[in-house]
Amino acid sequence: MLIFHGAAHRSHDPSPAMARAGQPPNFDTPDRVDVVLDALRAQGAHRLQLAGDAGLAPIARVHRADYLNFLQTAWERWPRERGAELALPQFWPGPGSPAGGPPARCPDSVVAQLGWFAGDAIAPLMAGTWAAAYGSAQVALSAQRAVTEGVRSAFALCRPPGHHAGTARLAGYCYLNNAAIAAQAFIDGGLRRVAVFDVDYHHGNGTQEIFYERADVLVCSVHADPAEDYPFFVGRADEIGAGPGEGFNLNCPLPAGSDWPTWRAAMETCCRRIEAFAPQALVVSLGVDTHRDDPSGGFKLDSSHYVLMGRRMGELGLPTLFVLEGGYGLEVLGVNVTNVMAGFEGAAS
Ligand SMILES: [Zn+2]
């Protein structure tokens with residue numbers, strides 16, 4: 001498989017500073033990319049390529065201009081007395097008073113703006129966050145371009161991940177929605193139907209939000225029941241899309257502790273929906289935090305199951321772009337990702 005990667009992600013490493021600030025552990029460390037690259041090199045049969053730079057325009061097709069401007073300038077504007085190593089939100093506008101009252105408005109203060117744009121407190125900003133997020137999106141865009149130009153499949157080794165990032169929201173380790181940016185790039189390149197299949201343990205709330213009212217991008221997801229786990233507030237089965245997008249969002253939430261037979265049945269439901277939609281390209285939001293040893297997830301998949309997962313995706317017979325999302329067990333991350341690739345290529349050959 002053709003693998004795209006980049007080095008910009010290294011400038012965003014919040015884990016040590018989050019620990020020093022007494023925050024919950026941040027599992028998105030730069031080693032994640034290294035272990036996947038090592039495993040891919042060891043497996044052989046892959047071509048590794050550094051990502052290019054397609055600029056800001058394809059990112060701005062998905063994310064709002066005020067949000068992009070905020071991400072690019074926030075760290076320079078951040079008052080150091082509020083955090084010298086990282087910026088975390090402390091104030092949120094909230095949903096407004098149940099009794100009514102004026103709508104919330106966001107002032108020019110960067111402290112207020114961080115709460116305005118942050119969905120939670122686990123996506124800190126640092127000096128290198130924008131460069132890393134921009135680089136991660138470029139990895140996805142380079143892989144998307146390769147698929148557009150005719151390779152059957154490509155894998156974008158993105159970090160930081162993207163699927164929790166909304167049109168104007170950072171959340172859940174995510175800043176720019178790499179999978180959504182790639183899916184939109186397919187549409188802008190002339191495709192009429194693209195499917196996103198999100199197999200990360202956590203619901204891809206950002207991707208769902210971005211395409212919720214659209215019929216040209218089908219979003220299917222297998223994930224932890226939001227009643228039990230992050231992102232908690234969305235990801236339920238009755239969220240099916242709205243307006244022209246009604247029927248083009250499929251959520252398959254599963255209970256904590258779900259094992260492979262349960263997960264596989266939900267995957268099959270998504271694959272059948274994707275087949276019925278007959279997309280011209282498939283974007284897989286590939287999170288492998290469904291493994292039983294992952295520190296952030298609660299499912300019970302074994303490494304061997306990722307071969308079967310990849311095989312079923314290969315059987316869809318579509319031009320396919322894999323975009324790395326979660327997967328935080330450093331001992332199993334490499335083998336789980338390479339097993340997906342092996343299964344996919346086995347089915348595709
Ligand atoms: Zn995840």
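A quick note: this is a predicted structure, and the numbers were derived from the prediction, not measured. (Residues numbered from 1 in each chain as written. Predicted model: local features only at pLDDT ≥ 70, side-chain atom pairs only at ≥ 80, totals over all residues.)

Draft legend 1. Region of interest: the overall build of the protein. What the protein contains, in helices and strands, is 11 helices and eight strands. Whereas a compact globule of 349 residues would reach a radius of gyration of roughly 20 Å, the protein reaches 19 Å, a difference of no more than 12%. Along the three orthogonal principal directions, the C-alpha set of the protein runs to about 55 × 45 × 40 Å. The long-range share in the protein, meaning contacts at least 24 apart out of those at least 6 apart in sequence, stands at 77%. (Helix = DSSP H or I, 4+ residues; strand = E, 2+ residues; numbered from the N terminus. Rg over C-alpha atoms; globule rule 2.2 N^0.38 Å. Contact = placed C-beta atoms within 7 Å.)

Draft legend 2. View of the pairing of strand 7 (residues 281–286). Summarising burial for strand 7: six of the six residues are buried, a large majority. Burial along strand 7 is two-sided: Ala281, Val283 and Ser285 and Leu282, Val284 and Leu286, pointing in opposite directions, are all buried. In terms of strand pairing, strand 4 (residues 194–198) meets strand 7 through five bridges, oriented parallel. Bridge pairing in strand 7 places Val194 opposite Ala281. The pairing of strand 7 with strand 8 (residues 320–324) spans five bridges and is classified as parallel. Across the sheet, Ser285 pairs through a bridge with Val323, a residue of strand 8. In this view, the connection linking strand 7 to its parallel neighbour strand 8 by way of helix 10 (residues 303–315) has right-handed handedness. (Buried ≥ 20, exposed ≤ 12 C-beta atoms within 10 Å, placed from the backbone. Pairing = 2+ DSSP bridges. Right-handed = clockwise from strand over helix to strand, strands pointing away.)

Draft legend 3. Main features of unusual backbone geometry. Of note, the bond from Arg159 into Pro160 is cis; its omega dihedral lies within 30 degrees of zero at 0 degrees. Summarising the element assignment, Pro160 is placed in the loop between strand 3 (153–156) and helix 7 (178–188). In this model, Tyr230 is joined to Pro231 through a cis peptide bond whose omega is 5 degrees. You can see Pro231 is positioned in the loop between strand 5 (217–224) and strand 6 (249–254). At Ala45, a position not held by glycine, the phi torsion is positive, near 65 degrees. Looking at the secondary structure, you find Ala45 in the loop between helix 2 (31–43) and strand 2 (47–50). For Ala45, a count of 10 C-beta atoms within 10 Å gives the class exposed. For Tyr173, which is not glycine, the phi torsion reads 70 degrees and is therefore positive. When you line up the elements, Tyr173 lands in the loop between strand 3 and helix 7.

Draft legend 4. Structural detail: the nonpolar core. Core analysis: the biggest nonpolar cluster contains 100 residues, and Ala140, Ala156, Ala182, Val283 and Val323 have the highest contact counts within it. With 11 residues, the single largest contributor to this core is helix 6 (residues 129–148). (Core = buried A, V, L, I, M, F, W, Y, C linked by C-beta atoms within 7 Å.)

Draft legend 5. Here's a closer look at helix 9 (residues 260–277). In a regular helix each residue adds 1.5 Å, so 18 residues correspond to 26 Å; helix 9 covers 25 Å between its end C-alpha atoms and thus fits that length. Of all the positions in helix 9, only Trp263, Ala266, Met267, Cys270 and Ile274 are classed as buried. Around the axis of helix 9, the buried residues are gathered within 100 degrees of arc, so they sit on the same side. Opposite the buried face of helix 9, by more than 90 degrees, sit the exposed residues Pro261, Arg272 and Ala276. (Expected span 1.5 Å × (residues − 1). Arc of directions from axis to C-beta.)

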